[in-house]
Amino acid sequence: SRAYASASFKLLPDNSEKELLLQDKNICRSLIERALRSRANMAVIPMQDLLALDSRARMNRPGTATGNWKWRMSGNVFTDELIKWMKNLTVETGR
């Protein structure tokens, strides 16, 4: 989720690139692009990040025995713009 991505990213060492990404309103997309452009053999993108959902879409709350794994994606959430962006990015990065 956007909240999780932002919080996780703040743990990285300070530098100008990090500051630019933190100011980015599309931080999820920025981090997804970084993952897909990486040298890693595989990049796993959680649907919550792809859709830039907030913490209400969190799948698992560590240390909590109940209420986990209940989030479900509702139908028809992919906009034409999101589909085009993801298609272009996967082609561009060879994923």
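The structure displayed is predicted, hence computed values, not measured ones.

S.K.: I'd like a rundown of the pattern of salt bridges, residues and numbers included.
M.R.: Oppositely charged side chains can pair when the atoms bearing their charge come close. For the structure shown, the criterion picks out three salt bridges. Its salt-bridge partner being Glu 81, residue Arg 29 comes within 2.8 Å of it at the nearest N-O pair. Here Arg 29, found in helix α3 (residues 27-37), pairs with Glu 81, found in helix α5 (residues 80-93); they are 52 residues apart in sequence, far enough to count as distant. Of the residues examined, Glu 81 reaches a relative accessible area of 45% and is grouped as partly exposed.

S.K.: Can you explain unusual backbone geometry? Please cite residues and give values.
M.R.: With a phi angle near 60°, Trp 69 is a residue other than glycine that sits in the positive phi range. Here Trp 69 lies in the loop between α4 (47-50) and α5. For Asn 76, which is not glycine, the phi torsion reads 60° and is therefore positive. For Asn 76, the position within the fold is in the loop between α4 and α5. The class for Asn 76 is exposed, based on a relative accessible area of 80%.

S.K.: Describe the confidence of the model for the protein, naming the residues involved and giving the relevant values.
M.R.: The predicted structure's coordinates, where accompanied by low pLDDT, should not be read in detail. Looking at the protein as a whole, the pLDDT averages 81, with 74% of positions reaching at least 70. Averaged pLDDT values for the elements of the protein fall to 55 in helix α1 (residues 2-9) and rise to 95 in α5.

S.K.: How would you explain α5 if you had to name every residue and give the values?
M.R.: With 14 residues, α5 should cover 20 Å at 1.5 Å per step; its first-to-last C-alpha distance of 20 Å lies within 8% of that length. Regarding α5, the residues found buried are Leu 82, Trp 85, Met 86, Leu 89 and Thr 93. With its buried residues spanning 95° around the axis, α5 presents them on a single face. Looking at α5, the residues exposed on the side facing more than 90 degrees away from the buried face are Asp 80, Lys 84, Lys 87 and Val 91. One or two steps after α5, the chain reaches Gly 94, where phi turns positive at roughly 70°.

Conventions and cut-offs
Residues numbered from 1 in each chain as written. Predicted model: local features only at pLDDT ≥ 70, side-chain atom pairs only at ≥ 80, totals over all residues. Heavy atoms only, no water. Salt bridge = Lys/Arg side-chain N within 4 Å of Asp/Glu carboxyl O. Helix = DSSP H or I, 4+ residues; strand = E, 2+ residues; numbered from the N terminus. Buried < 20%, exposed > 50% of the residue type's maximum accessible area, 1.4 Å probe, protein only. pLDDT = per-residue confidence, 0-100. Expected span 1.5 Å × (residues − 1). Arc of directions from axis to C-beta.

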